[in-house]
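# Residue-level structure breakdown
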Amino acid sequence: MAGEVRNLAQRSAKASVEIKELINKSVSKIKDGTHLVRESGDNLLEIVEAIKEVSTLISTINGATKEQTQGIAEINKAISEMDDMTQQNSGLAEETTASSENLASESENLLELVEFFTTKAKAG
């Protein structure tokens, strides 16, 4: 009986070590993922700002082309279509940024939960 208990305790200790290793690997992967999400969010914010600048420039050009001759009206139409696409891209980029920020927040929450279990495992 004592041998069975000792064997069970050894297996439990081994399983605990394996779980700790898995948790540590997960924490590392979550940290890497969080870093990538933050970089992605930063890049998306830069893209959104660049798109806003392009949109502003296109609007300025659009206003100037309205004063031109009828031949330039065709150019004005093309710029208007580009402006619509830029606005759509801007909206999509903002949505992607919000999603990235949400994912980063969720990753941080998950990291805190994993750290809680890691702390408990060390204390135990």
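Keep in mind the model is a prediction, meaning the values are calculated, not measured.

### Topic: the overall build of the chain
The helix and strand tally for the chain stands at two helices and zero strands. For the chain, buried positions account for 19% of its 124 residues. If you take every contact in the chain between residues at least 6 apart in sequence, the share linking residues at least 24 apart comes to 84%. When the accessible surface of the chain is summed, it comes to about 9,400 Å², and 57% of that surface belongs to carbon and sulfur atoms.

### Notes on the pattern of salt bridges
Scanning the model with the defined rule gives one salt bridge in all. Two residues, arginine 38 and glutamate 108, come together in a salt bridge whose shortest N-O distance is 2.4 Å. One end of the pair, arginine 38, is in helix α1 (residues 2-65); the other, glutamate 108, is in helix α2 (residues 70-123), and 70 residues separate them in sequence. Judged by relative accessible area, arginine 38 falls into the partly exposed class, the value being 44%.

### With respect to the side chain of threonine 97
Among the structural elements, threonine 97 can be located in helix α2. Once you skip the residues sitting within four places of it in the chain, threonine 97 turns out to touch Gly41, Leu44, Leu45 and Val48.

### As for the environment of leucine 111
Relative to the helices and strands, leucine 111 is located in helix α2. As for leucine 111 and lysine 29, which are separated by 82 residues in sequence, their C-alpha atoms are 9.9 Å apart. Contacts of leucine 111, omitting those with residues within four sequence positions, involve Val27, Ile30 and Lys31.

### Points about a negative patch on the surface
Residues Glu49, Glu53, Glu94 and Glu95 make up a contiguous surface patch of negative charge. Secondary structure elements with two or more residues in the negative patch: α1 and α2.

### Here's the deal with the side chain of aspartate 83
By the secondary structure assignment, aspartate 83 is in helix α2. For aspartate 83, a relative accessible area of 17% gives the class buried. Ignoring sequence-local partners within four residues, the contact set of aspartate 83 consists of Ser55, Ile58 and Ser59.

Criteria and cut-off values
- Residues numbered from 1 in each chain as written.
- Predicted model: local features only at pLDDT ≥ 70, side-chain atom pairs only at ≥ 80, totals over all residues.
- Heavy atoms only, no water.
- Helix = DSSP H or I, 4+ residues; strand = E, 2+ residues; numbered from the N terminus.
- Buried < 20%, exposed > 50% of the residue type's maximum accessible area, 1.4 Å probe, protein only.
- Contact = heavy atoms within 4.5 Å.
- Areas by Shrake-Rupley, 256 points an atom, 1.4 Å probe, with all protein chains shown as cover.
- Salt bridge = Lys/Arg side-chain N within 4 Å of Asp/Glu carboxyl O.
- Patch = residues over 30% accessible without salt bridge, like charges linked within 9 Å, V, L, I, M, F, W, Y side chains within 5 Å.
- Lys, Arg positive; Asp, Glu negative; His and termini not counted.
- Charge placed at Lys NZ, Arg CZ, Asp CG, Glu CD.

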